[in-house]
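The lines below spell out each chain.
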Amino acid sequence: MSRAYLLLICVAGLGTSSAVEILRPRGVPLSKRQFYEENKPFTCLDGSRTIPFERVNDDYCDCKDGSDEPGTAACPNGSFYCTNAGFREAFIPSSRINDGICDCCDTTDEYNSGAACQNTCRDLGRKERESLQKMAEVAKEGFLLKQQLIHEAKRGQEEKQGKLTELQNNKKELEEKVEALRIIKETAEQPEKEAKEHHLKAWEDQKAIIRQKEDQARMAEAFLQLDDDADGFVSVAELLSHAELDPDSDGTLTEVEVQGLLGGSDKVDTEGFQTVWSSIQEKYISETQADMEAPVEIPPEEAREPMPDSDSEPYPDDDIPEEEEDDEDDEEEDQEEEEDKIPPTVQTPEKKDEDEGAMPPYDPDTQSLIEAAQKTRDQFDESERALREMDDQIKNLEKEISFDFGPNAEFAYLYSQCYELTTGEYVYRLCPFNRVTQKPKFGGSETNLGTWGMWSGPEADIYSMMKYDHGTGCWQGPNRSTTIKLTCGKETVVTSTSEPSRCEYLMEFTTPAVCQEASSLDLGHDHEEL
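Parameters at a glance
- Residues numbered from 1 in each chain as written.
- Predicted model: local features only at pLDDT ≥ 70, side-chain atom pairs only at ≥ 80, totals over all residues.
- Heavy atoms only, no water.
- pLDDT = per-residue confidence, 0-100.
- Helix = DSSP H or I, 4+ residues; strand = E, 2+ residues; numbered from the N terminus.
- Contact = heavy atoms within 4.5 Å.
- Salt bridge = Lys/Arg side-chain N within 4 Å of Asp/Glu carboxyl O.
- Buried < 20%, exposed > 50% of the residue type's maximum accessible area, 1.4 Å probe, protein only.
- Lys, Arg positive; Asp, Glu negative; His and termini not counted.
- Polar contact = N/O pair within 3.5 Å; in protein donor to acceptor, adjacent residues only side chain to side chain.
- Pairing = 2+ DSSP bridges.
- Axes fitted to C-alpha atoms, helices over the stretch in contact; angles between N-to-C directions.
- Parallel < 35°, antiparallel > 145°, perpendicular 65-115°, else oblique.
- Left-handed = near helix turned anticlockwise from the far one by under 90°.
- Nonpolar A, V, L, I, M, F, W, Y, C, P; charged D, E, K, R; others polar.
- Disulfide = S-S within 2.5 Å.

So what's going on with the confidence of the model for the protein? Residues and values would help.
For the protein, the mean per-residue pLDDT works out to 83, and 80% of the residues sit at or above 70. The weakest mean pLDDT in the protein belongs to strand β1 (residues 5–11) at 40; the strongest belongs to strand β13 (residues 465–469) at 97. Throughout residues 308–326 the model reports pLDDT below 50, and contacts reaching past four residues in sequence, or to other chains, amount to four contacts. In this model residues 339–351 is a low-confidence stretch, pLDDT under 50, and it forms six contacts with partners more than four residues away in sequence or in other chains.

Before we move on, could you go through the pattern of salt bridges and cite the residues and values that matter?
Counted according to the given criterion, the structure contains 18 salt bridges. With its nearest N and O atoms 3.2 Å apart, the salt bridge here joins E37 to K40. Residue classification places K40 among the partly exposed residues on the basis of a relative accessible area of 47%. The partner of R388 in a salt bridge is E384, with the nearest N and O atoms 4.0 Å apart. Pair noted here: R388 and E384 are both in helix α9 (residues 364–402), with a separation of four residues, about one helical turn. Counted as one network, the salt bridges with shared partners bring together K185, E189, E192 and R377.

Describe in detail the side chain of D106, supporting the description with residues and values.
By the element assignment, D106 lies in the loop between β6 (90–93) and α1 (121–226). Nearest to the buried, unbridged D106 among oppositely charged side chains is R24, at 8.4 Å. A distance of 2.8 Å separates the side chain of D106 from the side chain of T108, its partner in a polar contact. The contact partners of D106, leaving out residues within four places of it in the chain, are C82, T83, N84, N119 and C121.

Report on the pairing of strand β10 (residues 426–431), specifying residues and quantitative values.
Here four bridges tie strand β9 (residues 419–422) to β10, and the two strands are oriented antiparallel to one another. By the bridge assignment, T422 is partnered in β10 with V427. Note that β10 and strand β11 (residues 435–440) share six bridges and pair antiparallel. If you follow R429 over to β11, its bridge partner there is T437. Counting the residues that bridge the hairpin from β10 to β11 gives three residues, and of these F433 lies at a positive phi of roughly 65°.

Describe the sheet that holds β11, listing the residues and the values that go with them.
Within the open sheet, the eight strands sit side by side as β9-β10-β11-β12-β13-β14-β16-β15. Their pairing is mixed. The open sheet has two edge strands, β9 and β15 (493–501), and neither has a second partner. This sheet shows a mean twist of 25° between the axes of neighbouring strands, independent of strand direction.

Residue-level account of the packing of α1 against helix α4 (residues 270–280), with values.
At their nearest, the axes of α1 and α4 sit 11 Å apart, and the two run at 110° to each other. In terms of orientation, α1 lies roughly perpendicular with respect to α4. As α1 packs across α4, the resulting crossing turns out to be right-handed. Contact with α1, carried on its side by D215, R218, M219, A222, F223 and L226, involves T270, F273, Q274 and W277 of α4 and no other residues of that element. When the residues that make up the contact of α1 with α4 are grouped by side-chain class, the tally is six nonpolar, two polar and two charged.

Let's hear about the state of the cysteines: which residues, and what values?
This model, assessed by the stated rule, comprises eight disulfides. The disulfide partner of C105 is C121, and the gap between their sulfur atoms is 1.9 Å. Judged by the sign of its S-S torsion, about 95°, the cystine formed by C105 and C121 is right-handed. Of this pair, C105 sits in the loop between β6 and α1 while C121 sits in helix α1, placing them 16 residues apart in sequence. Each member of the pair C105 and C121 is classed as buried.

Give me the environment of T487: which residues, what numbers.
Counting through the fold element by element, T487 comes out in strand β14 (residues 481–488). Among all residues touching T487, those that are not within four sequence positions of it are F509, T510, T511 and V514.

Outline the environment of D123, supporting the account with residue identities and numerical values.
Looking at where D123 falls in the secondary structure, it is placed in helix α1. Along the sequence, D123 and F87 sit 36 residues apart, while their C-alpha atoms lie 8.4 Å from each other.

Take a look at the structure:
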């Protein structure tokens with residue numbers, strides 16, 4: 001009978017039973033028993049109306065909140081309370097009452113459907129307690145490991161702090177040493193610089209003398225070549241044959257222009273030619289150079305282009321056979337090579353330097369100064385490099401010491417470590433406090449799934465989750481990010497990975513660092529309520 005009160009037999013404890021009459025309508029928890037008194041009108045729990053108590057569980061929905069039908073399926077928004085003695089109590093939607101499917105492990109939801117349900121609450125309770133007991137044992141061992149981690153982290157923190165202090169003190173000494181070596185280096189480099197400059201100046205002076213002698217020889221050779229009649233003078237008529245000396249480069253060398261080159265004279269001797277030579281030496285082409293630059297005469301027969309046959313037409317540009325195009329390219333390359341072989345008419349500075357030879361080696365005194373200065377440079381560079389390395393060590397230690405590794409630094413052991421999980425397609429790599437990556441199992445580039453961001457658990461348990469963001473961007477999507485869910489375990493290992501949303505990854509990671517004392521865990525349900 002749907003409105004009947006429940007009369008159940010309760011097993012209270014092991015091997016002890018007693019009959020208990022439950023004075024409440026079906027589907028009502030004990031916590032709401034006071035609202036359902038048989039001899040008083042019933043007021044809907046939302047306060048919307050009051051009805052006679054006889055209309056409670058009469059299979060007709062009178063209250064908007066469905067509270068008048070806790071034990072029937074009359075109200076679509078109602079809920080049915082499963083006592084589930086020996087397991088966990090539960091609420092199910094009223095629509096599941098007497099639907100032929102056993103939802104409550106104590107079978108109370110199918111009281112009038114004829115379904116063959118069995119009470120499985122005791123078995124479920126036993127299995128859950130066994131599972132929780134195993135979890136408690138893992139938590140207990142994990143918590144002991146956590147205490148070791150805290151102890152090691154504390155000791156490691158003290159060691160790092162001591163190392164940092166030592167480095168900071170040593171840095172001051174090293175800075176003083178670097179500065180002293182800098183002064184020694186600069187002191188040794190000054191005489192080295194002066195000696196090298198003196199050696200270079202002597203070499204430049206020597207080269208100037210060599211160039212002067214060469215120029216004098218070239219001038220004498222030019223005078224002899226220009227003095228056609230060997231009368232000891234170079235005349236206007238003798239210069240007219242050298243068109244390359246045309247001052248205005250209009251292609252014609254006139255007598256007036258030549259006379260201007262000769263300083264207004266009709267002719268000059270060797271002494272006067274020195275002045276003339278300074279103005280013409282850059283343009284003057286000697287007889288030797290003229291012979292080398294003389295163009296090769298092409299016989300008229302070869303220069304004459306063949307006439308096409310009257311019965312044939314020349315190839316259009318687009319129809320030139322590939323072989324002919326290749327031949328033309330080869331001819332152009334050969335022509336360029338020939339042009340490269342023609343010596344320049346003006347001697348370049350590089351060529352002059354080659355002719356003058358390499359700078360002679362330093363004298364023993366200068367070489368000794370160079371070696372002494374180099375030794376001080378090496379000592380300075382070595383000390384400066386050691387100072388940079390020390391700076392890097394200090395920065396890394398300061399960064400590690402300042403990290404939030406948990407209330408008792410229990411997560412410090414994860415720093416600078418990496419953990420991998422291999423799936424069917426990928427190898428996932430988690431480096432706590434650094435980044436998360438994904439790499440194809442059978443080759444390919446690595447993808448950044450996020451760099452360390454922050455602890456992201458709920459306020460009451462903030463160290464239960466890690467957030468890694470600003471990873472590699474997805475195609476036409478956001479940057480990849482990863483959330484790490486930390487659970488208690490004896491081992492430190494990545495247990496699973498998934499992608500709940502596009503470009504947003506979830507990893508489960510077990511570590512002793514999140515384990516709590518076993519006594520603080522709920523190890524079971526001694527739920528015997530009826």
